[in-house]
Structure formats: structure tokens, C-alpha cells
Amino acid sequence: MSPVHGVAILGSTGSIGLSTLDVIARHPDRYRVRALVARASWRKIVEQALACRPDVVILTEPVAAAHAREALRAAGSPARVESGAEAVAAAVAAADVDTVMAAIVGAAGLMPTLAAVRAGKRVLLANKEALVMAGRLLIDEVRPAGAALIPIDSEHNAIFQCMPARYLPGEPAPGVTHVILTASGGPFRTTDPARLSRVTPDEACAHPKWKMGRKISVDSATLMNKGLEVIEATWLFGLPEAEVEVVVHPQSVVHSLVRYVDGSVLAQLGAPDMRTPIAQALAWPERIESGVAALDLAAVARLDFEAPDHARFPSLGLARAAARAGGTAPAVLNAANEVAVQAFLDGGLNFTAITTVIDEVLQRLESRAVRTLDDVLDADAAARRLAAATIETARGALV
Ligand SMILES: NC(=O)c1ccc[n+]([C@@H]2O[C@H](COP(=O)([O-])OP(=O)(O)OC[C@H]3O[C@@H](n4cnc5c(N)ncnc54)[C@H](OP(=O)(O)O)[C@@H]3O)[C@@H](O)[C@H]2O)c1
């Protein structure tokens, strides 16, 4: 019988966190949740803690942590409730945790993901922003720490599954010439471009194929999600940006592909449900049941592919330019995007202006070399300040 794996779930109250708990609940003999981590959703995390009985619950917002502590004590739960970055780092490094689901959204996920890598855990990486910001630093820590990095993004997980057995994270795989990321095209693939500046946050978050958190849903609608994924792929698979292709595939059945030097193209297919990559990464190199229905190819009937429309979605081009520039440029892109997306979700920026703000910030902040984590964090902070100022200055024109 395989040993029981101790799992820490960072971002347990989010979309990926919920799917992870769903898969784990199907295999109580195989996985034991040791730690749940979120920001402020205390009611949800209390419910989760009562169901899966972790040792520790962490909310980074102290007031929310106090509410959770009180509620869990009243329900007779023995779980410790903590707050703060040190508590998160200690939870991922705990001796009885061997697997960490890194599913905090945005730049906030960088330090906890790095802590999990440094602690030598099996890190299931949903938090693509960590790799976009600090790809070289993060990848370089994996092997010396004895960690494993398994991508959860459905595209990168598909590529991981199509890689040759001798693939090592961050290194070009023998015989592989390109990887091909598929993109659904998001909710506005065929929308009249003249209407795009008037679309609402709810329309942007109504993804045709995937149910996801609001930030990544907006990223999918602008295609910035694909841009971040191009950068993520360069680090995971050791390829230059030009060798990471993107193709629009509206059915979201082919999750991505790998091109080999002999002309072969390998693809991974499945229903658009994140429980498949989560189960694959949890059990790798074994396979476990995920709760996802079998793919019915006759019902799918056809698979369409088309080139991305760069004029309609300039984000992808901005991300590719940031990948080529290297250094701090991807961290700047990521930070400006986070600020602009939040402003859009809050009603303070129109949809097409998200890209305008990112472009402006990228043009004004020169890319610098990344030697230390501080270089990344400084670039992140500068880009956030500049993005906020750009939005403030242009208020009215961009709403
Ligand atoms: N959803 C998908 O299908 C999908 C697919 C591929 C990749 N991803 C990636 O997975 C990550 C999570 O996406 P999601 O859709 O699950 O996001 P989500 O639904 O918005 O959930 C975000 C999670 O992160 C937590 N969080 C936010 N800020 C935090 C902080 N400062 N400290 C600790 N926890 C914090 C949230 O806690 P609260 O609830 O308390 O705010 C929540 O648990 C993102 O990087 C996304 O790009 C998602």
C-alpha cells in the first residue's frame, strides 16, 4: 500500500483549492490534508477545516483568522489557526507535508511557492505568476532542494504529460523542438471589437469553457493569461519564447501539444475540468480517479484550430515582448496586469484599457537584470505604483 501523503493547500478557498479538495476527498487512504491557507474567506475555510480536519488553518488577514479561530473552537475543532507569512512558510515546510498545492492567485503566491520549493516538497504549481515573476530564481532552486515542480495549468500539465521520460524541469527535453499552447479564445473571441471597451466584469468572467477565479477569468478574456503561460512555459520547458507557439482552440479539448524533431506532435485531450491535471500531478507517476467524466469524442464531434487575433488581443504580444526582454520585464508585466485587472473588476477601468495601462508601464520601466529576489520585488512594487498612477491620471478617459 502506498504511504499517506500529507498535503498543504495554498489558496484552498479558490477555484483550484476547491477542485483539489474534491480530488483528495475521493482518496482518503492516499492523501491527508495537513494545512489550509487562504487570505480572508474565513467562513469557507472553517467549513473546509471541519470537513477535512487539517492540523493548521492559516488566513493571512489577521481579523479573518480571529473569526476562524473562534468558529473552529466553538465547533470543537482541534485545528490551530494562524496568520502571517512565517506561519505559511512553516506550514509548507512541516515534516508531515510532502506535497504542496501552490494555488494562491497573483504575486502573493511567490514567497509561499518559493518556501515550498526550498523545503524540497512536491510542488503542484497553479500559481503561474510566481514563475512569470521569478522564473530563473525559482527553477534554479528546484534541483538543489530535491523538490519536484509539476505544472497544474491545464496547458503545461498537458505538455508535461507529453514530454519524454527524461524531461527535467527548466531544461530542453531531447527531441522536442516546440511546445504548442492551446487557448480557448475566451468569451470575446468573436465579439465586435468596437464593443470591447464596454464589456462588463461579469461578461469578462463568464468564460465559455472553464469555471475559474475572477482574476484569471479576466486574463483569459484579454488573452494575457496565454501571454503569462508563454512565459511560464519558457521556464518550465527550457525553451526560448519563439519556440512556444499558441493556437486558438475554442472547444478546449486538446489541452496542449509537443512537437518533436521527427515530425510527431503529441497532444493530451480531456474534458475541460481542472480535476484532471490536479489528479495527475498529485499521483504522478501513478494515475488516480479524478471525478472527471470520460471524454466522448463523438459528442465533441470536431476540433477547430485558428491563429490568435493579435489586433483584437494585444496582450499576447506584450507578454512575448516581455519574455524576450527578460530580466525584470515579466515581473513588471505581471504587476501592471494585476493592478489593471483589479481596477477593471472594481469598475475603475474599461476592458481595452487594461492592455493600454500595461503597455504604458512596460514602456516607462526599463528592464533590469534579476540577480536576487529583491530585484524582482522592487520591480513588482515600482510597476504597481506606476500602473496605479497611470490609471489615476487617465481616470475618465479609460473608464
Ligand atoms: N481556476 C483555474 O481553473 C486555474 C487554472 C490554471 C491556473 N490557475 C491559477 O491558479 C491560481 C489560483 O487561481 P483560482 O482561479 O483558484 O483563484 P481564486 O478562485 O481567485 O482563488 C484564489 C485563492 O488565493 C487566496 N489568496 C489570495 N490572496 C492571498 C494572499 N495574499 N495570501 C493567501 N492566500 C491568498 C484566496 O483566498 P481568499 O478566498 O481568502 O481570498 C483563494 O483561496 C492562479 O494563479 C491562477 O492563474 C487557475
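Residues numbered from 1 in each chain as written. Predicted model: local features only at pLDDT ≥ 70, side-chain atom pairs only at ≥ 80, totals over all residues. Heavy atoms only, no water.

Draft legend 1. Structural context of the site of the ligand. What surrounds the ligand is a group of 24 residues, the closest being Thr13, Ala40, Ser41, Glu129 and Gly213. Separating an oxygen atom of the ligand from a backbone N or O atom of Arg39 is a distance of 3.0 Å. Across the complex, the protein chains shield 87% of the 900 Å² of accessible surface that the ligand would expose by itself. Within the residue set of the shell around the ligand, elements represented by two or more residues are helix H1 (15–25) and helix H6 (128–145). Broken down by class, the residue content of the shell around the ligand amounts to 11 nonpolar, 9 polar and 4 charged. (Near = heavy atom within 4 Å. Polar contact = N/O pair within 3.5 Å; in protein donor to acceptor, adjacent residues only side chain to side chain. Areas by Shrake-Rupley, 256 points an atom, 1.4 Å probe, with all protein chains shown as cover. Helix = DSSP H or I, 4+ residues; strand = E, 2+ residues; numbered from the N terminus. Nonpolar A, V, L, I, M, F, W, Y, C, P; charged D, E, K, R; others polar.)

Draft legend 2. Just a nonpolar patch on the surface, in detail. On the surface, a cluster of nonpolar side chains totalling about 410 Å² of accessible area is made up of Leu269, Leu295, Leu297, Leu303 and Phe305. Within the secondary structure layout, Leu297 lies in helix H12 (residues 297–300). By relative accessible area, which is 52% here, Leu297 ends up exposed. (Patch = residues over 30% accessible without salt bridge, like charges linked within 9 Å, V, L, I, M, F, W, Y side chains within 5 Å. Salt bridge = Lys/Arg side-chain N within 4 Å of Asp/Glu carboxyl O. Buried < 20%, exposed > 50% of the residue type's maximum accessible area, 1.4 Å probe, protein only.)

Draft legend 3. Representation of the side chain of Ser19. With respect to the secondary-structure elements, Ser19 resides in helix H1. Residues within four places of Ser19 in sequence aside, it is in contact with Arg275 and Ile278. (Contact = heavy atoms within 4.5 Å.)

Draft legend 4. Region of interest: the pattern of salt bridges. Going through the model one piece at a time under the given rule, you end up with 28 salt bridges. Its salt-bridge partner being Glu82, residue Arg80 comes within 3.1 Å of it at the nearest N-O pair. The partner of Asp219 in a salt bridge is Lys215, and the shortest N-O contact between them spans 2.7 Å. Residue Asp219 and its partner Lys215 are both found in helix H9 (residues 214–222); the two are separated by 4 residues, about one turn of the helix. Overall, Asp219 belongs to the buried group, its relative accessible area being 1%. According to the relative accessible area criterion, Lys215 is buried, its value standing at 13%. Residues participating in the shared-partner salt-bridge network are Lys128, Asp153, Glu155, Lys226 and Glu229.

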